[in-house]
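# Structural description and commentary
Residues per chain, in single letters:
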Amino acid sequence: MEYSRYLNLAKASAIIRAHQKDESFVKDVESKILDTIREFKGAAFVQRGKNWIRILSRVVYLLTTMGIGSRTLGEEYVDIRYVNNNRNIGIRRRLLYVIACIIPLFATRLGNIAQYGKLLSQLNLILFYFFGRYYDIGKRLLGMEYVSSSGEVSKDNTNVGKYKYLGMALAAQLTFQGIVKVKDIVKERQKLVVDIDDNVNEKEHDSEKEETEESVEFKTETPCLLCLSSLENAAAAGCGHVFCWTCVLEWAQQSRSCPLCRAALKPQQLLLLR
Amino acid sequence: MSNAQKRLLKEFKKYSNPNNKLSESIISLTPINDNNLFDWIAIINPIETIYKKGFYKLSIKLSNTYPLTPPIIKFITNESQIDRDEQITYQIPHCNIDFKTGEICLDILKIDNWSPIWTLEYSILAIIYLLNNQEPNSPLNIDFANLIKLNDKLAINSIINYYIK
Ligand SMILES: [Zn+2]
Ligand SMILES: [Zn+2]
């Protein structure tokens, strides 16, 4: 290894701990920002802007730590720092990394590309579990490698230890998912040939599939009676009837009665179900 | 795509799905053209009412605030000569329907009584229900309201059928 004897390649476990620590700090910043915005703009605004605020929090946290050239709190905690080809990482590369954090904000607009992004970050994680070094894909692309200034020298030069078993498990899972996906595609193709003239049906099928892919996170069987789609951020009114949060809030702005039972509907009584 | 468009697309898909039978009284319920979901036409044949021999055409106009605001539904009474359909009856004598304009007086289609869980299909069914449950005390057609009040079934039926070809 060409690293100086003071700097050893950071252990995978240390890198993961640093990331986890940073995540919890980002969460702290996020909840502070959420509280402040809620104070001024109300709960509905926060609900609508949740994605923005989440990423804003991350950017604020990274700018005030990594952005000014110092370490993040997580990196400090486990005592690791970045290098690239034995040199310290410059401010430009750090800023580029912070800017890249904004990309997920456009994930919904990117559509299919976002899915490839997800796949890439999974592949990255597998590589990390096998070979260490880059826990997230941004750092891999920018060549931001971690070294540890602590004296521990590990015996294997990849520093991953038992994490490689996790990598194997993840790789196996991904392969399995891949096989299922390919089978689906093949089936879809065959079907397309069969009902090529049944155009309407096929369209219906496609859009249904899109929908299930979109709403994996909050998949519920009962649809919201206001938008007729599956419930998104289910919210219960005082009377117990459940709708999407944004749907019922919009309705509450013009009417103070439940759409279903006409019971009094108070926006402040709406309960977000998680 | 706005919330209104999303919801209307859901409804459109539901109504155009052959597995999903509409009420027998509703012959068709579709947007005038596929590109504009805010302008629909319904054709009804209200078989379970005293209007059962007629086919009537309704225009349904929606705004971008649907379903927070109700659809505006009217009987079509003055279709231009070109679009006229021989099957359709353009005159409907009913207490709560304006004979000239086709305007309908139905409380659930008024903004204060409207509920966003009601769909276009439900709204049309409510209008069909209104055909047999006339409300002569808040009339848009005073002459016909008087006839309903007298409960002269023979006269009522003959006037309705006079306009049906
Ligand atoms: Zn909804
Ligand atoms: Zn209720």
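I will try to describe carefully the structure that is included in this document. (Residues numbered from 1 in each chain as written. Chains lettered and ligands numbered in written order. Predicted model: local features only at pLDDT ≥ 70, side-chain atom pairs only at ≥ 80, totals over all residues. Heavy atoms only, no water.)

## Focus: the interface of chain A and chain B
Contacts between the two partners involve 14 residues from chain A, matched on the other side by 16 residues from chain B. The junction of chain A with chain B conceals about 1,400 Å² of combined surface from both sides, 53% of it contributed by carbon and sulfur atoms. Contact with chain B buries surface across chain A, with L228(A), W251(A) and R262(A) losing the most and accounting together for 34% of the total. Where chain A meets chain B, there are zero salt bridges. If you look at where chain A meets chain B, you find five residue pairs in polar contact (both at pLDDT 80 or more). Those elements that provide at least two residues to the side of chain A that touches chain B are helix 10 (199–214) and helix 11 (245–252) of chain A. Element by element, the count of residues in the side of chain A that touches chain B is highest for helix 10 of chain A, at three residues. Taken together, the residues of the side of chain A that touches chain B sort by class into seven nonpolar, three polar and four charged. (Contact = heavy atoms within 4.5 Å. Buried area = accessible area lost by both parts, 1.4 Å probe. Salt bridge = Lys/Arg side-chain N within 4 Å of Asp/Glu carboxyl O. Polar contact = N/O pair within 3.5 Å; in protein donor to acceptor, adjacent residues only side chain to side chain. Helix = DSSP H or I, 4+ residues; strand = E, 2+ residues; numbered from the N terminus. Nonpolar A, V, L, I, M, F, W, Y, C, P; charged D, E, K, R; others polar.)

## Focus: the coordination of the zinc ion (ligand 2)
All names here are of chain A. Binding of the zinc ion (ligand 2) to the protein goes through C239 (SG), H241 (ND1), C258 (SG) and C261 (SG), at separations of 2.0 to 2.3 Å. Bound by four donor atoms, the zinc ion (ligand 2) shows angles of 107 to 113° at the metal and therefore tetrahedral coordination geometry. Spacing between the donor residues of the zinc ion (ligand 2) along their common chain follows C-x1-H-x16-C-x2-C. Highlighted residues: H241 in the loop between strand 4 (234–236) and strand 5 (242–244) and C261 in the loop between helix 11 and strand 6 (271–272), separated in sequence by 20 residues. (Donors = N, O, S within 2.8 Å, 3.2 Å for Na, K, Ca; no water. Tetrahedral: all angles 85-135°; square planar, octahedral: opposite > 155°, others 65-115°.)

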